[in-house]
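The primary structure of each chain is shown beneath.
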Amino acid sequence: MSDLDSKVFVVDDDASFSRSIARWLRGHGYAVECYSSAEDFLTRRPSHAQACVVADLDMPGMDGISMQEALKRSSDPLPVVFLTGQGDIRASVRAMRNGAEDFLEKTMGTDNLLAAIKRALARDAKERADSLRQRELFARFAKLTSREKEVLAYMLCGLLNKQIGAHLDISERTVKRYRASLMPKLEVKSVVELAQITTKAGVDFEARTPGDILAQLEACS
């Protein structure tokens, strides 16, 4: 999906400004939706759309920073580009610490805003792709049985089949059977690939006990 397939949500209580910025953005090929307040946007916005937000900082009711924080806590956060009628260093620092893409004065040139929107949409696309990959990885780990996860935890600690069997009170042959069943479920063909996919799933198996690793594997699924 390209930037021009994405949406730009404009949130501003100044209807005249919203219409102007929306017309300008549509002229650059963007799909635009306007909202007159932060509360209205948070209530009615489409979920899980690749998008970014262009928001006024100072609005009646919920201000832009509070809206950004609510977005950040949601299941579908979006990058925010803030616009303000006058510079506010304290607010800009807070916004940037919260992950705002940019903080611009309304009097600044449109080139700066267009560049910020492009960055915000690229960031949203990357974060959505990363999230999708993570969910796909977790789905693989969810296929493992409890015993397969236990065997995997000992494997990641570098133990041999015989040692794993001794710890779990099962035969070496049984350990081999579990190893043979968990590998295709995780869609890997080697121990190296196994370590790589486990790391990508967020499991830290460096200097960890099998119990620590098992807890992380359970969290993945």
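Scroll up to find the structure.
This report concerns the structure included in the present document. (Residues numbered from 1 in each chain as written. Predicted model: local features only at pLDDT ≥ 70, side-chain atom pairs only at ≥ 80, totals over all residues. Heavy atoms only, no water.)

**Re the side chain of Glu148**
Within the secondary structure, Glu148 is located in helix H6 (residues 146–156). At 2.9 Å, the side chain of Glu148 and the backbone nitrogen of Thr145 are in polar contact. In terms of polar contacts, Glu148 uses its side chain to reach the side chain of Ser181, at 2.6 Å. (Helix = DSSP H or I, 4+ residues; strand = E, 2+ residues; numbered from the N terminus. Polar contact = N/O pair within 3.5 Å; in protein donor to acceptor, adjacent residues only side chain to side chain.)

**Let's talk about unusual backbone geometry**
Peptide bonds are trans in most cases, and residues, glycine excluded, mostly fall at negative phi. In this structure, His48 is a non-glycine residue whose phi angle is positive, near 60°. Structurally, His48 can be placed in the loop between helix H2 (38–44) and strand E3 (51–56). With phi around 60°, Glu187 is a residue other than glycine that occupies positive phi space. Position of Glu187 among the secondary structure elements: in the loop between helix H8 (172–185) and helix H9 (191–200).

**Focus: the packing of helix H1 (residues 15–27) against helix H5 (residues 110–141)**
Contact pair H1 / H5: the axes reach a minimum separation of 12 Å and the direction vectors enclose 65°. Taken together, the axes of H1 and H5 lie roughly perpendicular to each other. For the crossing formed where H1 meets H5, the hand is right-handed. The residues of H5 that touch H1, namely those facing Ile21, Trp24 and Leu25, are Thr110, Leu113, Leu114 and Ile117. (Axes fitted to C-alpha atoms, helices over the stretch in contact; angles between N-to-C directions. Parallel < 35°, antiparallel > 145°, perpendicular 65-115°, else oblique. Left-handed = near helix turned anticlockwise from the far one by under 90°. Contact = heavy atoms within 4.5 Å.)

**What to know about the nonpolar core**
By size, the foremost hydrophobic cluster in this structure holds 25 residues, and its most contacted members are Phe141, Leu152, Leu182, Leu186 and Leu194. For this core, the secondary structure elements donating two or more residues are H5, H6, helix H7 (161–168), H8, H9 and helix H10 (210–220). Ranked by the residues each element gives to this core, the list is headed by H6, at six residues. When residues no more than four places from it in sequence are discounted, the contact partners of Leu152 are Phe141, Leu144, Leu182, Leu186, Leu194 and Leu217. With 20 residues, the next largest nonpolar core counts Phe41, Leu71, Val80 and Phe103 among its residues. (Core = buried A, V, L, I, M, F, W, Y, C linked by side-chain atoms within 4.5 Å. Buried < 20%, exposed > 50% of the residue type's maximum accessible area, 1.4 Å probe, protein only.)

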